[in-house]
Amino acid sequence: MPSLPTIDVSCFATGVAPSAAQDAAARLLDETCRETGFFLITGHGVLPEVKARMLAESALFFAEPLASKNTIAIARSPYHRGYVGIATEALDESQKGDLKETLDTGGEAGPNHPDVLAGTPFFGPNQWPSTPGFRTAWEAYYAQAKEAAYRVQRAMARALGKPDDFIVDQPGETMYHLRFVHYPPQSITPLAENQLGSGVHTDYGSVTLLADDGVGGLQVMKRSGEWIAVQVPPQALVVNIGDLMAIWTNDRWISNPHRVVNPAFQDRYSIPLFVTPPYHTDIACLDTCLPPGELPKYPVQKAGDYLNKRISATHSYRNPLLDGR
Ligand SMILES: O=C(O)CCC(=O)C(=O)O
Ligand SMILES: [Fe+2]
C-alpha cells in the first residue's frame, strides 16, 4: 500500500529567515498537490503532549451522556459551533448520516469583534464542554495548530509563486475551524448499508490539517483514482487541499475525495483544523496558475458564501431533507 509523502515545514516557522530548505519544501509540496493532494507534515510545531492532552480531553467529552452533550448542540449556535450527534451529518449527501459524532469549534470571537458587529456568518463564541480540562487543552492546541497552518500556508504561497504571506495575510480574518471527531467501533454501532464513518467527500476550504490517535481508517483517492489508506505516524499531521484551494489554483492542485471507515473494535478520535480564507475573499483563479492560453474554470465567489453553502447541504440541523433517510 503506497503511503503519503512527508514534508518538513519547520523551515516556514514564524520569524524564520528565507532559506534554500524552504524552496525545496515548496517544490515537494507543489509536486505532491498536483497528483496526490494529501501529505504528511513534520516540523509543524504541535508538541506531542499538547496533542495527547487534546485527544484525551476530546475522549472525555464524547464519553459524557448524550443529554449533556446536547446542552451544547450545534443547532443552538448561530455560528455553527457545538455538538453534532451521530448520523446527523452526511458528508456524502447521497448516503446515510455519518457514523460519527463531532464537536465543532473555531476562533473565539467576542461581541466587539468587527466580524461579529458586521454579522458575518460563522463569527461568534464557541459553546464549551463542561468537562473541566477541555478549554485549557483547547487553547494550547488551537494556538499550535494555527502556527502549523501558517507554516503550511507559507509553503503553499511559495509553491504558487506568491509572497510567503499571501495566503495568511488576505485582508480580513482567516477562518480556523477546529473540529473534534469520534468514530465509534463497528462492533458497538454496526454500519447500515453504504454507511461510513465519514462519507466520501472533499473538504470545503483552502487547507485542512488533521491530528489523529493512530488507529487508522482514513482513506484517500488520488488523481489517478487509486484509493490509499492513510496511517498517520505519531509525530505527523495529515494535510490536504480543500475545494477552495483547487478553485484558486484552477485545479493545478487536487482536492481529493476521501472517507473514513470506522474501526472494527476500537474507537477512533481525530482533530481536523479546517482553514478557509477570510469570509469576503473573492476566490478567483490566481494569475500564477493561469498559463497562456488557459481560461479560469470557475466563476469568482466569496470564500465564506461557498463554505456556508457546503455546510448547509450536509448538516441536518440546516437541511431537513437529510433527516429520516
Ligand atoms: O477523521 C478523519 O480522518 C477525516 C475527517 C474528515 O475528512 C473531515 O472531517 O472532513
Ligand atoms: Fe474531510
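An unreviewed UniProt entry annotates the chain as 2-oxoglutarate-dependent ethylene/succinate-forming enzyme originating from Rhodoferax lithotrophicus. Here is the UniProt Sequence similarities (unreviewed entry) comment for the chain, exactly as written: "Belongs to the iron/ascorbate-dependent oxidoreductase family."

One can find Asp23 in helix H1 (residues 20-35). When the C-alpha positions of Asp23 and Ala155 are compared, they lie 8.3 Å apart, and in sequence the two are 132 residues distant. Reaching out from Asp23, the side chain makes a polar contact with the side chain of Arg158 at a distance of 2.7 Å.

The protein atoms that coordinate the iron ion (ligand 2) are His201 (NE2), Asp203 (OD) and His258 (NE2), at distances of 2.1 Å. In terms of primary sequence, the donors binding the iron ion (ligand 2) are separated according to H-x1-D-x54-H. Accessibility classification places His201 together with Asp203 in one group, the buried group.

Within the secondary structure, Ser270 sits in strand S12 (residues 268-276). By relative accessible area, Ser270 is classed as buried at 1%. Between the C-alpha atom of Ser270 and that of Pro233, which follows or precedes it by 37 residues, the distance is 13 Å. With residues up to four places along the chain from it excluded, the contact list for Ser270 reads Arg179, Phe180, Val181, Tyr183, Leu210, Ala211 and Asp212.

In total, this model carries 17 salt bridges according to the counting rule given. The salt bridge involving Lys69 is made with Glu101; its shortest N-O contact spans 2.9 Å. With Lys69 in helix H3 (residues 66-69) and Glu101 in strand S4 (residues 101-106), this pair connects stretches of sequence that are 32 residues apart. Here the two residues Lys69 and Glu101 agree in accessibility, since each one is buried. In this structure, Arg310 engages Asp243 in a salt bridge whose closest nitrogen and oxygen atoms are separated by 2.5 Å. A residue pair is termed long-range when its members are at least 10 positions apart, and Arg310 in helix H7 (residues 303-314) and Asp243 in helix H6 (residues 243-248) qualify at 67 residues. The pair formed by Arg310 and Asp243 is uniform in burial state, with each residue classed as buried.

Below, the discussion takes up the sheet that holds strand S9 (residues 227-230). Pairing is antiparallel in the open sheet, where four strands are placed in the order S6-S11-S8-S9. The outermost strands of the open sheet, each flanked by one partner alone, are strand S6 (198-201) and S9. Going across the sheet, the axis of each strand differs from the next one's by a mean of 20 degrees, ignoring polarity. In terms of strand pairing, S6 meets strand S11 (residues 258-260) through two bridges, oriented antiparallel. In the strand pairing of S11, Ser198 is matched with Val260.

Turning next to the layout of surface pockets. One number sums up the size of the largest pocket: a volume of about 230 Å³. Around the largest pocket, the lining is made up of 18 residues, and of these Tyr142, Glu173, Thr174, Met175 and Tyr176 lie nearest the centre. Every element with two or more residues in the lining of the largest pocket is listed here: helix H5 (134-159) and strand S5 (175-183). Grouping the amino acids of the lining of the largest pocket by side-chain chemistry returns eight nonpolar, six polar and four charged.

Along any regular strand the residues' side chains alternate between the sheet's two faces. Most of strand S10 (residues 237-241) is tucked away, with five of its five residues classed as buried. Residues of S10 alternate between two faces, with Leu237, Val239 and Ile241 on one and Val238 and Asn240 on the opposite face, all of them buried. The sheet contact formed by strand S7 (residues 207-212) and S10 spans four bridges and is antiparallel. Looking across to S10, one finds that Val207 is bridged to Ile241.

Helix packing geometry: the angle between the two helix axes and the distance between the axes. As a packed pair, H1 and H5 sit with axes 8 Å apart at the nearest point and diverge in direction by 80 degrees. Classified by the interaxial angle, the pair formed by H1 and H5 is roughly perpendicular. In contact with Gln22, Asp23, Ala26, Leu29 and Asp30 of H1, H5 contributes Val152, Ala155, Met156, Arg158 and Ala159. When grouped by side-chain class, the residues that make up the contact of H1 with H5 number six nonpolar, one polar and three charged.

With that settled, consider the sheet that holds S4. Spatially, eight strands are ordered S1-S2-S10-S7-S12-S5-S4-S3 in an open sheet, and the strand pairing comes out mixed. Of all strands in the sheet, those bounded by a partner on one side alone are strand S1 (6-8) and strand S3 (82-84). Each strand axis lies, on average, 25 degrees off the axis of its neighbour in the sheet, ignoring direction. As judged from the four bridges shared by strand S2 (residues 38-42) and S10, these two strands associate in the antiparallel manner. Residue pairing across strands places Leu40 opposite Val238, the latter belonging to S10. In the packing of H1 onto the sheet, the strands contacted are S1, S2 and S10, and the crossing angle to S1 comes to about 155 degrees. Its contacts with the sheet put helix H2 (residues 48-62) on S3, S4, S5, S7 and S12, and the angle it makes with S12 is roughly 110 degrees.

Criteria and cut-off values
Sequence order sets the numbering: in each chain, residues are counted from 1 along the sequence as written. Working convention: letters from A go to chains and numbers from 1 go to ligands, in the order in which they are written. Restriction of local features to residues with pLDDT of at least 70 applies here, the model being predicted, together with a cutoff of 80 or more for giving and counting side-chain atom pairs; totals for whole chains, interfaces and linings are based on all residues. Hydrogens and water are ignored here; the side-chain numbers use all heavy atoms of the structure. UniProt positions are given in the numbering used here, feature names are shortened, and annotations may be inferred rather than shown by experiment. Strands here mean DSSP runs of E at least two residues long; helices mean DSSP runs of H or I at least four residues long; both are numbered from the N terminus. Throughout this description, a polar contact denotes any pair of N or O atoms lying within 3.5 Å of each other; where both atoms belong to protein, one of them has to be capable of donating a hydrogen while the other can accept it, and for residues adjacent in sequence the pair is counted only when both atoms sit in side chains. We call an atom a donor if it is N, O or S and sits within 2.8 Å of the metal, or 3.2 Å for Na, K and Ca. Water is not counted, so some sites may look partial. Using a 1.4 Å probe on the protein chains alone, a residue whose accessible area is under 20% of its type maximum counts as buried, one over 50% counts as exposed, and one in between counts as partly exposed. It only takes one pair of heavy atoms within 4.5 Å for two residues to be counted as in contact. Think of a salt bridge as a Lys or Arg side-chain nitrogen and an Asp or Glu carboxyl oxygen that are within 4 Å of each other. For two strands to count as paired, DSSP must find a minimum of two bridges between them. Interaxial angle, 0 to 180 degrees, is taken between N-to-C directions of lines fitted to C-alpha atoms, where a helix line uses only the stretch in contact. Only protein atoms enter the 1 Å grid used here. Points where a 1.4 Å probe fits but cannot escape make up a cavity, open sets with protein on both sides within 12 Å along at least five of seven lines make up a pocket, and a residue lines them when an atom lies within 4 Å of a point. Grid points are joined across faces, edges and corners, and a volume is the space filled by probe spheres set on the points. Throughout this entry, Asp, Glu, Lys and Arg are counted as charged residues, while Ala, Val, Leu, Ile, Met, Phe, Trp, Tyr, Cys and Pro are counted as nonpolar. The remaining residues, Gly among them, count as polar. Angle categories: roughly parallel below 35 degrees, roughly antiparallel above 145, roughly perpendicular from 65 to 115, and oblique for all the rest.

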